[in-house]
2 protein chains.
Amino acid sequence: MTAKNIIKPTESELEILQVLWEHGPSSVRFVNDTLNEKGTKEIGYTTTLKIMQIMAEKNLAKRNTDKRTHIYDANVNESHTQKHLLKNFVDSTFRGSAMKMVMQALGNHNASEKELDEIKALITKIEKGE
Amino acid sequence: MTAKNIIKPTESELEILQVLWEHGPSSVRFVNDTLNEKGTKEIGYTTTLKIMQIMAEKNLAKRNTDKRTHIYDANVNESHTQKHLLKNFVDSTFRGSAMKMVMQALGNHNASEKELDEIKALITKIEKGE
DNA sequence: TTGCTATTACGAAAGCTTTCGTATAATATT
DNA sequence: AATATTATACGAAAGCTTTCGTAATAGCAA
């Protein structure tokens, strides 16, 4: 626990984590079906299985092997991971300028009034010193 | 030119693009030195050379071979590329929710008053319908 | 029981990116 | 001119991730 855990899921692993984060503990079959519903390219069942097994090895996921159908669950926190990946992304793509990125995101995205209000509220909160 | 160009630079390529975007047309030597000043791990000269040659092949960069020392320049637009990568990132990491990501970014980042003002101005602009 | 289907396990191939060694050539130095 | 330095070219190895074929097994159905 003292050693810093470097979270660096691969693309496939991240896709699988998204399913686990969204749906909770799941079987390989469920994850594979979900991925195939969404994505364009068909992913083979054993491919998903293999990656999930690797994720268990890496402790990105934990699995319950009591039943024949193993149940996998995310073993990394969603917000934590997002925060970590966000930092990396900002560094590598926006040379560390989170603000530049936020401006891009706001400019590109068609934000709703409600969303904009939320952001304004957050800004107010920050300005008041958290 | 009609076909859509899929921009998917690798990590190394992106690091090099950052140097080219920031400093403009550069030699391999300069790029390699710059990368090595910043980063922790030493990158071999021929490694950088190779990747930049590949980037020229992929048309991520163009190069001038008039002189013995070739000069490379980015051949993809910075904002365009950032926008593209941002979309991918939001999709894969925040399940498409740009707002969720913006909130994370604002929450994590110690934004200055000036930066917050900029964002507020942008929001006002968006609310007035661009 | 006898087969049929679903699941895990495993290894290896395929596909990418990164790294490096070596050869060759151009330029600079002495 | 001879030598040293610097640059490009190229191929191949190393390292990862993804994909798939195959085997073994458990559970279900006829």
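Quick summary incoming for the structure in this document. Nothing here was measured: the structure is a model prediction, and the numbers come from that model. (Residues numbered from 1 in each chain as written. Chains lettered and ligands numbered in written order. Predicted model: local features only at pLDDT ≥ 70, side-chain atom pairs only at ≥ 80, totals over all residues. Heavy atoms only, no water.)

This part covers the relation of the copies chain B and chain A. Note on the identical chains: chain B maps onto chain A by a rotation of 180° and an axial translation of 0.0 Å, with an RMSD of 0.1 Å. Taken together, these values place the two copies in the relation of a two-fold axis. Ranked by how close their C-alpha atoms come to the rotation axis, the residues of chain B are headed by B:Val102, at 2.9 Å. Both copies present the same face, since 100% of the interface residues in chain B are matched by interface residues at the equivalent positions in chain A. (Least-squares fit on C-alpha atoms with pLDDT ≥ 70 in both. Contact = heavy atoms within 4.5 Å.)

Residue and element names in this part refer to chain A. Spatially, the three strands line up as an open sheet ordered S1-S3-S2, and their pairing is antiparallel. Edge positions in the open sheet fall to strand S1 (26-27) and strand S2 (61-64), since each of these has one partner strand only. The pairing of S2 with strand S3 (residues 71-74) spans four bridges and is classified as antiparallel. Directly across from Arg 63, in S3, lies its bridge partner Tyr 72. Across the face of the sheet, helix H1 (residues 11-23) comes into contact with S1, S2 and S3 while running at roughly 90° to S3. Of the strands in this sheet, S2 and S3 touch helix H3 (residues 45-57), which is tilted by about 105° from S2. (Pairing = 2+ DSSP bridges. Helix = DSSP H or I, 4+ residues; strand = E, 2+ residues; numbered from the N terminus. Axes fitted to C-alpha atoms, helices over the stretch in contact; angles between N-to-C directions.)

Residues and elements named next belong to chain B. Of the two faces of strand S3 (residues 71-74), the one lined by Tyr 72 and Ala 74 is fully buried and the one lined by Ile 71 and Asp 73 carries no buried residue. Both strand S1 (residues 26-27) and S3 contribute to a ladder of two bridges, which runs antiparallel. When the sheet's bridge partners are listed, Ser 27 is paired in S3 with Ile 71. Connecting the antiparallel pair strand S2 (residues 61-64) and S3 is a turn made up of six residues. (Buried < 20%, exposed > 50% of the residue type's maximum accessible area, 1.4 Å probe, protein only.)

Another point: the protein's contact with DNA strand D. DNA strand D sits among 20 residues. The nearest are A:Thr10, A:Ser12, B:Arg29, B:Tyr45 and B:Arg68. Separating a phosphate oxygen of DNA strand D from a side-chain N or O atom of A:Ser12 is a distance of 2.7 Å. Between B:Tyr45 and DNA strand D, the recorded distance is 2.4 Å, taken from a side-chain N or O atom to a phosphate oxygen. Residue assignment for the surface near DNA strand D shows that the elements contributing at least two residues are H1 and H3 of chain A together with helix H2 (28-38) and helix H3 (45-57) of chain B. With five residues, H3(B) is the single largest residue contributor to the surface near DNA strand D. Taken together, the residues of the surface near DNA strand D sort by class into four nonpolar, nine polar and seven charged. (Near = heavy atom within 4 Å. Polar contact = N/O pair within 3.5 Å; in protein donor to acceptor, adjacent residues only side chain to side chain. Nonpolar A, V, L, I, M, F, W, Y, C, P; charged D, E, K, R; others polar.)

For DNA strand C, the set of nearby residues contains 20 residues, the closest of which are A:Arg29, A:Tyr45, A:Arg68, B:Thr10 and B:Ser12. Per the 4 Å cut-off to the protein, sugar and phosphate atoms form 61% of the nearby atoms of DNA strand C. One of the side-chain nitrogen or oxygen atoms of A:Gln53 is found 3.1 Å away from a phosphate oxygen of DNA strand C. Within the side chain of A:Arg68, one N or O atom sits 2.7 Å away from a base nitrogen of DNA strand C. Elements with a contribution of two residues or more to the surface near DNA strand C: helix H2 (28-38) and H3 of chain A together with helix H1 (11-23) and H3 of chain B. By residue number, the principal contributor to the surface near DNA strand C is H3(A), which donates five residues. Among the residues making up the surface near DNA strand C, the classes are represented as four nonpolar, nine polar and seven charged.

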